[in-house]
Amino acid sequence: MKKPGNPFVLAGFISKDYFCDREKELTWLKDQFVNERNMVLYSWRRMGKTSLIHCFSNLYESALGFETIYVDLMSTQSFKDAIRSIAQAVHQKYGRSSGGISKSLGNLLARLGMTLSFDPVSGIPKISFGLSSPIPPEESLQALGEFLDGRKKKVLVVLDEFQQITRYPEKNGEAVFRSWMQSFPGVRFIFSGSQRNLMRSIFSDQNRPFYRSTQLLGLQPIPRGVYGTFIREHFKKEGQIIDDKTVEAIYTWSRGQTYTIQLICNKAFALKQALTKKALEHIHFEIIEQEKPVFYNYMKMLTKTQWEVLKAIAVSEPVSNPYSTDFIQKNGLGAASSVGTALGALLEKEMVIEENYQYLLHDVILARWFQQQP
Ligand SMILES: Nc1ncnc2c1ncn2[C@@H]1O[C@H](COP(=O)(O)OP(=O)(O)OP(=O)(O)O)[C@@H](O)[C@H]1O
Ligand SMILES: [Mg+2]
């Protein structure tokens, strides 16, 4: 691996040297894996789920003798898309032999009614469904499962952004994936997702198919002290200094959210000089400016009351009782019933989250933008 130009990496996992902590979580994943348990990883956004999974595979694939099939379901809209994404990931993993694709992979694609083509410009291989109507998802998954189960090495299938399946037009997504998982006890699964409440209910609600069939891990922020040491050491290694107070301020402003901490440190490191209070404020300003188009989109998406409630929570966060007359009056929010409805919608959209009986904005940069407004 080439040394990165900046030790505060923003694009996923590149090596353990630039990856902070997560020791307990890695041990947990390893423990589940060796004991043949399927896993669920969930957290608020940008905490480090995907990077943690890549780190786990990178560290343990050869030691534990397994191979990873990583599938991102974020952009899938139906079972058909999901099957194509899984097949694409399988092809990416096993289809690169010098003598073309193996017989077993060719058979699998034929069974799925899929064809392999090459993008005329980039030359990148692409899997697509042929002209005949695709076989039912259950049968496609069965074929994929048999192929994966038949590999020499154990296979770990990662289905990232798994909550997306609840948006498919087919209503039996959870039942179909649950029976896929159960039909192949030799294949290990990680279901990962960033809509925390939805992920928790898919896997813990006793009326849903996945109830008590997996081990759950909710990813929390990396502890302040551990992250602080990581930040200081990387600055020091490159001959730069950052004082403890500044490190504290970075963690607090980011509310411990991994991505935001990495982004601030990346920008601070790039300055190649002592980070003054003013320089840190300028970094905050730049980060907020960059996100503004996203904020204006939120504004368009929400009703006026929802936007006002969002702002009121941001400026007073963490808020313990947003339904109280005190909070409503202090922020001039109008009728309690409409505040209640707006808050319900914001919680449903996960724009506002509830953590330890306190309400706050999910998007920390949006919260900081509201807070700096006069
Ligand atoms: N332990 C870590 N140490 C250093 N950087 C990390 C760590 N974990 C994640 N990151 C960085 O934080 C950012 C977010 O990580 P990642 O994409 O893995 O989060 P996620 O929870 O999967 O996000 P999303 O909810 O958007 O899918 C990335 O820029 C990644 O490089
Ligand atoms: Mg992710």
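Coordinates for the structure precede this section.
Residues numbered from 1 in each chain as written. Chains lettered and ligands numbered in written order. Predicted model: local features only at pLDDT ≥ 70, side-chain atom pairs only at ≥ 80, totals over all residues. Heavy atoms only, no water.

Student: Explain the overall build of the protein chain residue by residue, including any values.
Tutor: A tally of regular secondary structure across the protein chain gives 15 helices and nine strands. Relative to the compact-globule value of 21 Å for 374 residues, the protein chain shows a C-alpha radius of gyration of 23 Å, a close match. Along the longest, intermediate and shortest principal axes, the C-alpha atoms of the protein chain span 65 × 55 × 45 Å. Out of the 374 residues in the protein chain, the part that is buried amounts to 47%. (Helix = DSSP H or I, 4+ residues; strand = E, 2+ residues; numbered from the N terminus. Rg over C-alpha atoms; globule rule 2.2 N^0.38 Å. Buried < 20%, exposed > 50% of the residue type's maximum accessible area, 1.4 Å probe, protein only.)

Student: Report on the site of ligand 1, specifying residues and quantitative values.
Tutor: Surveying the vicinity of ligand 1 reveals 21 residues, the closest of which are Leu10, Cys20, Arg45, Lys49 and Ser51. In this structure, Arg45 approaches ligand 1 through a side-chain N or O atom, which is 2.6 Å from an oxygen atom. A distance of 2.9 Å is found between an oxygen atom of ligand 1 and a side-chain nitrogen or oxygen belonging to Arg46. Calculation on ligand 1 without its partners gives an accessible area of 640 Å², and the protein chains cover 96% of this total. Only α2 (49-64) and α10 (258-270) provide two or more residues apiece to the shell around ligand 1. Residue composition of the shell around ligand 1, grouped by class: nine nonpolar, seven polar and five charged. (Near = heavy atom within 4 Å. Polar contact = N/O pair within 3.5 Å; in protein donor to acceptor, adjacent residues only side chain to side chain. Areas by Shrake-Rupley, 256 points an atom, 1.4 Å probe, with all protein chains shown as cover. Nonpolar A, V, L, I, M, F, W, Y, C, P; charged D, E, K, R; others polar.)

Student: So what about helix α9 (residues 244-254)? Which residues, and what values?
Tutor: Along α9, the positions that sit buried rather than exposed are Thr246, Val247, Ile250, Tyr251, Trp253 and Ser254. An end-on view of α9 places all buried positions within 165 degrees of arc, on one side of the element. The inward-facing, buried residues of α9 abut α8 (224-237), α10, α11 (277-301) and α15 (364-372). The opening residue of α9 is Asp243, an N-cap whose side-chain oxygen sits 3.1 Å from the backbone nitrogen of Lys245. (Arc of directions from axis to C-beta. Contact = heavy atoms within 4.5 Å.)

Student: Please provide a residue-by-residue account of the pairing of strand β4 (residues 125-129), values included.
Tutor: As defined by bridge partners, strand β3 (residues 114-118) adjoins β4 across five bridges and the pair is classed as antiparallel. Looking across to β4, one finds that Phe118 is bridged to Pro125. Where β3 hands over to β4, the hairpin turn is made up of six residues, of which Gly123 adopts a positive phi near 80 degrees. (Pairing = 2+ DSSP bridges.)

Student: Mind laying out the packing of α9 against α10, listing which residues take part and the relevant values?
Tutor: Running from N to C, α9 and α10 point in directions that differ by 140 degrees, and their axes come no closer than 8 Å. By the angle between their directions, the pair α9 and α10 is classed as oblique. Read as a crossing pair, α9 and α10 show a hand that is right-handed. Taken together, the residues of α10 that come into contact with α9 (itself represented by Ile250, Tyr251, Trp253 and Ser254) are Thr260, Ile261, Ile264 and Cys265. Of the residues contributing to the contact of α9 with α10, the split by class is six nonpolar, two polar and no charged. (Axes fitted to C-alpha atoms, helices over the stretch in contact; angles between N-to-C directions. Parallel < 35°, antiparallel > 145°, perpendicular 65-115°, else oblique. Left-handed = near helix turned anticlockwise from the far one by under 90°.)

Student: Explain the pattern of salt bridges to me, and be specific about the residues and the numbers.
Tutor: Applying the stated criterion to the full structure yields 17 salt bridges. A salt bridge links Lys267 to Glu286; its shortest N-O distance comes to 2.9 Å. Within this pair, whereas Lys267 is found in helix α10, its partner Glu286 is found in helix α11, the two being separated by 19 residues in sequence. Here Glu281 ties to Lys277 by a salt bridge, and the two come within 4.0 Å at their closest N and O atoms. Within this pair, Glu281 and its partner Lys277 are both found in helix α11, separated by four residues, close to a single helical turn. Exposure remark for Glu281: the relative accessible area of 44% places this residue in the partly exposed category. The network of salt bridges with shared partners includes Glu36, Lys154 and Arg188. (Salt bridge = Lys/Arg side-chain N within 4 Å of Asp/Glu carboxyl O.)

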